[in-house]
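Take a look at the letters that make up each chain.
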Amino acid sequence: MPHDATPTTKTADLSPTTTSRFPRLFLMSIVELPAYLGVVFIVHRYGRRWPIVGFQLLAGAGLIACVVELTDYGRGHNWINVATALTGKFGISGSYAVINLYGPELFPTKMRSTGVAICRVSEIIGQILVPYSSFYLVKIAAWLPPVLFGGLAILMSIPVVILPETRGRPLPETVEEIEKW
């Protein structure tokens, strides 16, 4: 059997046109580990707000950079495609981990369970709609889904800047306590 026909995990096998998706899926899963482990140290040192902003910006940049795959330059350089996708996945994994920690800390005790439930429902609705929107957006233009979702990730990092930092503060009991922050 020729060497080229054997399955390997070279970057050439990680392109989206490969018949086997397992090497790419494996890397996308493995990149979550350093993101989640890094969040533990980053949140302890820098708080919650700025890591969310940084991870969201990284995710958005990684997604928008995936457009390189659609250019003539990107077609011959599969490692660029893999690196940009992994960068976006790392950023969104880190952001998701910090948001799950930060979100409940923003609600006062009496409203915490309701506030978190509303956030989770909106998250699930988004998870349902994204695959369908990607399917239809790619029919309009192949570059549209990564640019749209990357742009939204960058755009959504802006409102986080005005939220209060919760590191080192007790959980709020009332709305008045939050307003004093």
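Please read all numbers here as calculations on a predicted model, not as lab measurements. (Residues numbered from 1 in each chain as written. Predicted model: local features only at pLDDT ≥ 70, side-chain atom pairs only at ≥ 80, totals over all residues. Heavy atoms only, no water.)

Peer 1: In this structure, what is going on with the packing of helix α3 (residues 49–65) against helix α7 (residues 144–160)? I would like to understand it.
Peer 2: Packed helix pairs are characterised by how far apart their axes lie and by the angle those axes make with each other. Taken N-terminus to C-terminus, the directions of α3 and α7 make an angle of 165°; their axes are 7 Å apart at the nearest point. The pairing of α3 with α7 is recorded here as roughly antiparallel in orientation. The two elements α3 and α7 cross, and the hand of that crossing is left-handed. Here Arg49, Ile52, Val53, Gln56, Leu57, Gly60, Ala61, Leu63 and Ile64 of α3 come into contact with α7, specifically with Pro146, Val147, Phe149, Gly150, Gly151, Ala153, Ile154, Met156, Ser157 and Val160. A class-by-class count of the residues in the contact of α3 with α7 yields 13 nonpolar, 5 polar and 1 charged. (Axes fitted to C-alpha atoms, helices over the stretch in contact; angles between N-to-C directions. Helix = DSSP H or I, 4+ residues; strand = E, 2+ residues; numbered from the N terminus. Parallel < 35°, antiparallel > 145°, perpendicular 65-115°, else oblique. Left-handed = near helix turned anticlockwise from the far one by under 90°. Contact = heavy atoms within 4.5 Å. Nonpolar A, V, L, I, M, F, W, Y, C, P; charged D, E, K, R; others polar.)

Peer 1: I'm lost on the pattern of salt bridges in this one. Help?
Peer 2: Any two side chains of opposite charge can pair, so long as their charged atoms come close to each other. Within the structure shown, the criterion is met by 3 salt bridges. For the salt bridge of Arg120 with Glu123, the shortest nitrogen-to-oxygen distance reads 3.7 Å. Here the residue Arg120 and the residue Glu123 both occupy positions in helix α6 (residues 109–140), the gap between them amounting to 3 residues, near one helical turn. A relative accessible area of 32% means that Arg120 is categorised as partly exposed. (Salt bridge = Lys/Arg side-chain N within 4 Å of Asp/Glu carboxyl O. Buried < 20%, exposed > 50% of the residue type's maximum accessible area, 1.4 Å probe, protein only.)

Peer 1: I would appreciate a short explanation of the side chain of Thr84 in the present structure.
Peer 2: Topologically, Thr84 is positioned in helix α5 (residues 78–105). By relative accessible area, which is 13% here, Thr84 ends up buried. Excluding residues within four positions of it along the chain, Thr84 makes contact with Gly62, Ala65 and Cys66.

Peer 1: Any chance you could explain the nonpolar core here in plain terms?
Peer 2: Looking at soluble globular proteins, one finds that nonpolar side chains tend to be buried together. Core analysis: the largest hydrophobic core is formed by 9 residues, namely Val39, Val43, Ile52, Val53, Phe55, Val98, Tyr102, Leu106 and Val160. Only α2 (32–46), α3 and α5 provide two or more residues apiece to this core. The dominant element in this core, judged by the number of residues it contributes, is α3, at 3 residues. Contacts of Val39, omitting those with residues within four sequence positions, involve Phe55, Gly94, Ala97 and Val98. (Core = buried A, V, L, I, M, F, W, Y, C linked by side-chain atoms within 4.5 Å.)

Peer 1: Hey, could you run me through the packing of aromatic side chains in this one?
Peer 2: For any pair of aromatic rings, geometry is given as the distance between the ring centres together with the angle between the planes. Going through the model one piece at a time under the given rule, you end up with 2 aromatic pairs. On the basis of an interplanar angle of 80° and a centroid distance of 5.1 Å, the ring pair of Phe135 and Tyr136 is categorised as edge-to-face. Exposure remark for Phe135: the relative accessible area of 45% places this residue in the partly exposed category. On the basis of relative accessible area, Tyr136 is assigned to the exposed category, the value being 52%. (Phe/Tyr/Trp six-rings, centres within 6.5 Å; stacked < 30°, edge-to-face > 60°.)

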